[in-house]
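Residue-level structure breakdown
Given next are the chains, with one letter for each unit.
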Amino acid sequence: AKTKACGQGEDPLARAKAQTEHLKYKEIQQELKKRQLLARGNKEILKQRLEQALVEEFQAEERPKSDATADTVEETQETIDVVVEDVVAPPPKRNNLMGQ
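Report on the accompanying structure. Being a predicted model, the structure only gives us computed values, none of them experimental.

1. Considerations on the packing of aromatic side chains
- Under the counting rule described, the total for this entry stands at zero aromatic pairs.
- The ring of Phe58 carries the charged tip of Arg15 above its face, separated from the ring centre by 3.7 Å.

Set out below in structure tokens:
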């Protein structure tokens with residue numbers, strides 16, 4: 001039987017388990033500390049904690065960007081347009097014909 005390479009599209013839990021299965025206790029602790037997670041407990045508890053963190057990371061990677069981001073971009077562009085108009089608008093023309 002062929003094993004599937006770890007990659008996107010695969011079940012996030014399967015990916016997490018594949019990444020943690022060969023880690024030593026100290027390595028699991030280091031990975032948890034990098035993520036600012038509790039790094040105390042027996043190896044099995046730490047491994048489960050790291051797997052859960054990895055699953056959440058994988059799911060976040062696969063999530064499409066939200067509409068909120070698009071709204072923010074549009075609002076930012078509107079703000080830029082207004083500011084540019086204020087800065088770039090030429091001063092009103094003055095009539096150079098004196099006395100006429």
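2. Here's the deal with the nonpolar core
- Membership of the largest hydrophobic core is limited to nine residues, which are Ala16, Ile28, Leu32, Ala39, Leu46, Leu50, Leu54, Val55 and Phe58.
- Mapped by element, the contributors of at least two residues to this core are helix H2 (25-34) and helix H3 (43-62).
- Looking at this core element by element, the count peaks at five residues for H3.
- Excluding residues within four positions of it along the chain, Leu54 makes contact with Ala16, Gln19, Thr20 and Arg35.

3. Quick word on the packing of H2 against H3
- The interhelical angle for the contact between H2 and H3, taken along N-to-C directions, is 40°, at an axis separation of 10 Å. One way to sum up the angle between H2 and H3 is to call them oblique. Along this stretch, H2 crosses H3, giving a crossing that reads as left-handed. Residues Tyr25, Ile28, Gln29, Glu31 and Leu32 of H2 form the contact with H3, whose own contacting residues are Lys43, Leu46, Lys47, Arg49 and Leu50.
- Its residues assigned to classes, the contact of H2 with H3 shows five nonpolar, one polar and four charged.

4. Focus: the pattern of salt bridges
- For the structure shown, the criterion picks out six salt bridges.
- Put simply, Glu51 and Lys17 hold a salt bridge, and the shortest N to O gap is 3.4 Å. Separated by 34 residues along the polypeptide, Glu51 in helix H3 and Lys17 in helix H1 (residues 12-20) bring together distant segments of the chain.
- Under the relative-accessibility criterion, Lys17 is labelled partly exposed at 41%.
- A salt bridge links Arg35 to Glu57, with the nearest nitrogen and oxygen atoms 2.6 Å apart.

5. A short note on H3
- For H3, spanning 20 residues, the distance from its first C-alpha to its last is 28 Å, which sits close to the expected 28 Å at 1.5 Å a residue.
- For H3, the full list of buried residues reads Leu46, Lys47, Leu50, Glu51, Ala53, Leu54, Val55 and Phe58.
- At its buried positions, H3 is contacted by H1 and H2.
- If you check the start of H3, you find a side-chain oxygen 3.1 Å away from the backbone N of Glu44, and it comes from Asn42.

About the criteria used
- Residues numbered from 1 in each chain as written.
- Predicted model: local features only at pLDDT ≥ 70, side-chain atom pairs only at ≥ 80, totals over all residues.
- Heavy atoms only, no water.
- Phe/Tyr/Trp six-rings, centres within 6.5 Å; stacked < 30°, edge-to-face > 60°.
- Lys NZ or Arg CZ within 6 Å of the ring centre and 35° of its normal.
- Core = buried A, V, L, I, M, F, W, Y, C linked by side-chain atoms within 4.5 Å.
- Buried < 20%, exposed > 50% of the residue type's maximum accessible area, 1.4 Å probe, protein only.
- Helix = DSSP H or I, 4+ residues; strand = E, 2+ residues; numbered from the N terminus.
- Contact = heavy atoms within 4.5 Å.
- Axes fitted to C-alpha atoms, helices over the stretch in contact; angles between N-to-C directions.
- Parallel < 35°, antiparallel > 145°, perpendicular 65-115°, else oblique.
- Left-handed = near helix turned anticlockwise from the far one by under 90°.
- Nonpolar A, V, L, I, M, F, W, Y, C, P; charged D, E, K, R; others polar.
- Salt bridge = Lys/Arg side-chain N within 4 Å of Asp/Glu carboxyl O.
- Expected span 1.5 Å × (residues − 1).
- Polar contact = N/O pair within 3.5 Å; in protein donor to acceptor, adjacent residues only side chain to side chain.

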